[in-house]
Amino acid sequence: MKHLLKLLDWTPEEIADTLDLADKLKAEKKAGIKHHILEGKTLGMIFQKSSTRTRVSFEVGMHDLGGKPLFLSSKDLQIGRGEPVQDTARVLSRFLDGIMIRTFEQQEVEDLAKYGSIPIINGLTDFCHPCQVLADLQTIREYKGKDIKGLKLCYIGDGNNMANSLIVGCIKMGMKVAIACPKGYEPDETVVAWAKENGELLITEDIIEACKGSDVLYTDVWASMGQEGEAEERKKIFKDYQINDAAVEASNKGVMVLHCLPAHRGEEITEEVLEAHAAEIFDEAENRLHAQKAVLVKCFTE
Ligand code: CP
Ligand code: NVA
């Protein structure tokens, strides 16, 4: 059975196939071609954190493919009152054909897959955000050409779930990665160790050094969901870790700028840079739909 728990579990070929399918589904949607690939299938979507893009794109994606999405807020589920994930997994496996979950602990997603008997898709944990990075890679291919091997992505900011998934996704696609982050806010050490064995990864506090030779600049919020209480403190720690004119100028000519969104203008990205690169940032947001439809087809039918 195919799950998407983290990109580390997928081969480069599986990722490339998914991106090709995402391109095909995008073109077919634009051409008005309807699908019934997931007719009769139901996806439960468990949200333990807020969401705009992930929720709406999974919901629309299931409709587009002829299936049914079911929004399940943890506020209403017994899981939110402490029912063990082992039991939730086994019960929901009797009703549904697949589960998308957004939660805190990566272990919870792994446990759903372990105890359940249906495909599990990770819609963001504190450790990673694989669906976002598939949309990011689709967007990079659209702007830079399908062969993205050798391109360099520079991520500026917190070494968080986005940084972890970008490192893995980009390196699996043959890209180079640089992370500019303050000391103590580096990406997960297992991801860093994997990256150093499997590709080129630079981690530095020096933003300009990280930007040099970059084809794609990427950033994310300084305080992720669950870190709201530390937001003011983090503003001080991250204040220089911003995509601004200096970062764009230090990068290759024609550099793309991406942001998973939601964005905080004036914090991790300036208003000017965000608006100058709105075309690719909102194409990236749209591609959440197409990339996830490809993930749904792969997980439900393989
Ligand atoms: N980028 C992203 O996952 O957005 P949402 O939190 O709105 O789903
Ligand atoms: N790092 C952010 C990503 C949001 C899509 C968070 O976890 O809140």
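Higher on the page you've got the structure.
Residues numbered from 1 in each chain as written. Chains lettered and ligands numbered in written order. Predicted model: local features only at pLDDT ≥ 70, side-chain atom pairs only at ≥ 80, totals over all residues. Heavy atoms only, no water.

Visitor: Teacher, can you tell me more about the pairing of strand E3 (residues 98-102) here?
Guide: Looking along a regular strand, one sees the side chains alternate between the two faces of the sheet. For E3, the buried fraction is high: five of the five residues fall into the buried class. Burial along E3 is two-sided: Gly98, Met100 and Arg102 facing one way and Ile99 and Ile101 facing the other are all buried. Sheet topology note: the E3/strand E4 (residues 120-122) ladder contains three bridges and is parallel. Bridging across to E4, Ile101 finds its partner in Asn122. Regarding topology, helix H4 (residues 106-115) serves as the crossover connection from E3 to the parallel E4, and that connection is right-handed. (Buried < 20%, exposed > 50% of the residue type's maximum accessible area, 1.4 Å probe, protein only. Helix = DSSP H or I, 4+ residues; strand = E, 2+ residues; numbered from the N terminus. Pairing = 2+ DSSP bridges. Right-handed = clockwise from strand over helix to strand, strands pointing away.)

Visitor: I tried to follow a negative patch on the surface on my own but got confused; where do I start?
Guide: On the surface, Glu186, Glu205, Asp206 and Glu209 cluster together to form a negatively charged patch. With respect to the helices and strands, the residue Glu205 is situated in the loop between strand E7 (201-204) and helix H8 (207-211). According to the relative accessible area criterion, Glu205 is partly exposed, its value standing at 46%. (Patch = residues over 30% accessible without salt bridge, like charges linked within 9 Å, V, L, I, M, F, W, Y side chains within 5 Å. Areas by Shrake-Rupley, 256 points an atom, 1.4 Å probe, with all protein chains shown as cover. Salt bridge = Lys/Arg side-chain N within 4 Å of Asp/Glu carboxyl O. Lys, Arg positive; Asp, Glu negative; His and termini not counted. Charge placed at Lys NZ, Arg CZ, Asp CG, Glu CD.)

Visitor: Could you clarify how one ought to interpret the sheet that holds strand E8 (residues 216-219) in this entry?
Guide: The strands making up a sheet are joined through hydrogen bonds of the backbone, oriented either antiparallel or parallel. Pairing within the open sheet is parallel, and its five strands lie in the order E7-E6-E5-E8-E9. A strand with exactly one partner marks an edge of an open sheet, and here the two such strands are E7 and strand E9 (256-259). Pairs of neighbouring strands in the sheet enclose a mean axial angle of 20°, with direction left out of account. Here strand E5 (residues 152-156) pairs with E8 via four bridges, running parallel. Paired with Leu153 across the bridge in E8 is Val216. Together, E5, strand E6 (176-180), E7 and E8 form the strand contacts of helix H6 (residues 161-172), whose direction differs from that of E6 by roughly 160°. (Axes fitted to C-alpha atoms, helices over the stretch in contact; angles between N-to-C directions. Contact = heavy atoms within 4.5 Å.)

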